[in-house]
Amino acid sequence: MIIDRAEVIVTSPDRNFVTLKLTTEEGLSGLGDATLNGRELAVVSYLRDHVVPILVGRDGSCIEDTWQFLYRGAYWRRGPITMAAIAAVDMALWDIKGKAAGMPVYQLLGGASRRGLLAYGHASGKSQEELFDSIRAHLEKGYHAIRVQTGVPGLKAIYGIASNATNVVGQRYDHEPAQRGAYPREEDWDTRAYLRHLPGVFEAVRNEFGPELPLLHDGHHRMTPIQAAKLGKALEPYDLFWLEDCTPAENQEALRLVRQHTTIPLAIGEIFNTVWDYQQIIREQLIDYVRSAVTHTGGISHLKKVLEFAAQYQIKSGMHGPTDISPVGMAAAMHLGLAIHNFGIQEYMQHSENAHRVFQQSFTWRDGMLHPGDKPGLGVELDRDEAGKYPYQRAYLPYNRLADGTIHDW
Ligand code: GCO
Ligand code: MG
């Protein structure tokens, strides 16, 4: 199965996506997601300038060997750009292997461990009324688990909160994608105001929607360890499924302090790239869910190893699935999530209709659960004509400042 062609396709149906397409001499093709939100072209160059020239002519059936060749061979290991590029190659090779075998990738990974994948969506609102409307819209769309993000009195713009009331699933492209434009948007932040406000919001949501609905929250790296501990304690009565990214977790030790004070489940890892980023927090059981995306963690081959390590400590998966993970990356997450034993939950934010036209997919979404479908490979095809209608547009994630002008984690 010699790799004959390797192409990098950049398309922007409502947001930018970078896709690697590998084709073998037999004419089998595979897709891999290499999208790094707001820094897309860096991965394009890494692939086009450094990876494509050494892929062509290799035996595409050797997935692990190709992974090691790209990881160890580069000498410069880890990091989001390298690992997104390797992930794209890895996904594309699994896709090809599935097509060659006539099996969906989850079968190659050991077969299904469950009927489907519980998925959560993103509800948000500046006010309680908007938030409740957004939660209701998600329930109507079939979600059985919901992430709750809220505006904070006195703050104008917060990442993750839709800026208008039409916060309807599939139409919400005014938040979370990197914003198109020449310069990143500035937002504001005040952790004390947020800590005062959030517990009351969860109390109101529980009173309105009852005790059973799984509720999640993303702290987006904004707290110090002691602030995170305080928030975890304050939220305990509302029985959250998880509190995500409570601190900037590249300081893995910070979580020890959080753990000493609260039993709230912790989810971390969407900005991690390798098992090494998880070494301490998994071994010391400082988290409950691994948030990595297949796309940003070296592909199916590497994330599977991270999740198997996590399984030894009863830590589960909670794979990243906002709209900056392309339909190809989402498919890879679904195949992996279906096969592993320690699946927890899958984030599923839903792509726009234009994105669905570019990427033809075979997954199903029923009763709050995702399933990757049974087409051979990953089950996604890319329509080149549709992709060509949407050229790349420069886009940046926002940043934020405290009232005195200090830049803060956003
Ligand atoms: C999430 C995330 C996203 C990321 C975004 C960055 O939990 O879904 O925090 O909103 O910030 O994917 O590219
Ligand atoms: Mg997050």
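Quantities reported herein were computed from a predicted structural model and do not represent experimental measurements.

1. What about the coordination of the magnesium ion (ligand 2)?
Note on the magnesium ion (ligand 2): its protein donors are D218 (OD), E244 (OE) and E270 (OE). The metal-donor distances range over 2.0 to 2.2 Å. The exposure class assigned to D218 is buried, which follows from its relative accessible area of 3%. Among the residues examined, E270 registers a relative accessible area of 12% and is labelled buried.

2. Re the packing of helix α5 (residues 128-140) against helix α6 (residues 191-209)
For the pair α5 and α6, the least separation of the axes is 11 Å and the interaxial angle reads 45 degrees. Considered as vectors, α5 and α6 are oriented oblique to each other. Remark: the crossing between α5 and α6 carries right-handed chirality. Together, Q128, L131, F132, I135, R136 and L139 of α5 and V201, A204, V205, E208 and F209 of α6 make up the contact between the two elements.

3. Here we look at the domain arrangement of the chain
We note that the domain assignment places domain 1 (3-103) and domain 2 (117-376) within the chain. Taking the mean C-alpha position of each, domain 1 and domain 2 sit 26 Å from one another. Counting residues at the interface gives 35 residues for domain 1 and 35 residues for domain 2. Counting the surface lost from both domain 1 and domain 2, the interface buries some 2600 Å², and carbon and sulfur atoms represent 59% of this. Across the domain 1-domain 2 interface, the total number found is 2 salt bridges. Here R15 and D324 are joined by a salt bridge, their closest N and O atoms 4.0 Å apart. Looking at the side of domain 1 that touches domain 2, the elements with two or more residues in it are β2 (17-24), β3 (29-33), α2 (63-73) and α3 (80-101). For the side of domain 1 that touches domain 2, the element with the most residues is α3, which contributes 11 residues. Split into classes, the residues belonging to the side of domain 1 that touches domain 2 amount to 16 nonpolar, 11 polar and 8 charged.

4. Looking at the sheet that holds strand β7 (residues 186-188)
The pairing of strands in a sheet happens through backbone hydrogen bonds and is either parallel or antiparallel. In spatial order, the strands read β7-β19-β20; together these 3 strands make up an open sheet with mixed pairing. Because the sheet does not close on itself, it has two edges, and the strands there are β7 and β20 (407-408). As defined by bridge partners, β7 adjoins strand β19 (residues 399-401) across 3 bridges and the pair is classed as parallel. Bridging from a neighbouring strand, E186 pairs with Y399 of β19.

5. With respect to the sheet that holds strand β1 (residues 3-11)
In spatial order, the strands read β1-β2-β3; together these 3 strands make up an open sheet with antiparallel pairing. The two strands at the open ends of the sheet, each matched to only one other strand, are β1 and β3. With strand direction ignored, the average angle separating the axes of adjacent strands in the sheet is 20 degrees. Note: β2 against β3, 5 bridges, orientation antiparallel. Residue pairing across strands places L20 opposite G32, the latter belonging to β3. Against the sheet, helix α1 (residues 40-55) makes contact with β1 and β2, and its axis sits at roughly 170 degrees relative to β1, the strand it touches most. Sheet strands touched by helix α11 (residues 327-339): β2 and β3. Its angle to β3, the strand with the most contacts, is close to 95 degrees.

Reading guide: rules and limits
Residues numbered from 1 in each chain as written. Chains lettered and ligands numbered in written order. Predicted model: local features only at pLDDT ≥ 70, side-chain atom pairs only at ≥ 80, totals over all residues. Heavy atoms only, no water. Donors = N, O, S within 2.8 Å, 3.2 Å for Na, K, Ca; no water. Buried < 20%, exposed > 50% of the residue type's maximum accessible area, 1.4 Å probe, protein only. Axes fitted to C-alpha atoms, helices over the stretch in contact; angles between N-to-C directions. Helix = DSSP H or I, 4+ residues; strand = E, 2+ residues; numbered from the N terminus. Parallel < 35°, antiparallel > 145°, perpendicular 65-115°, else oblique. Left-handed = near helix turned anticlockwise from the far one by under 90°. Contact = heavy atoms within 4.5 Å. Domains from an automatic or database assignment. Buried area = accessible area lost by both parts, 1.4 Å probe. Salt bridge = Lys/Arg side-chain N within 4 Å of Asp/Glu carboxyl O. Nonpolar A, V, L, I, M, F, W, Y, C, P; charged D, E, K, R; others polar. Pairing = 2+ DSSP bridges.

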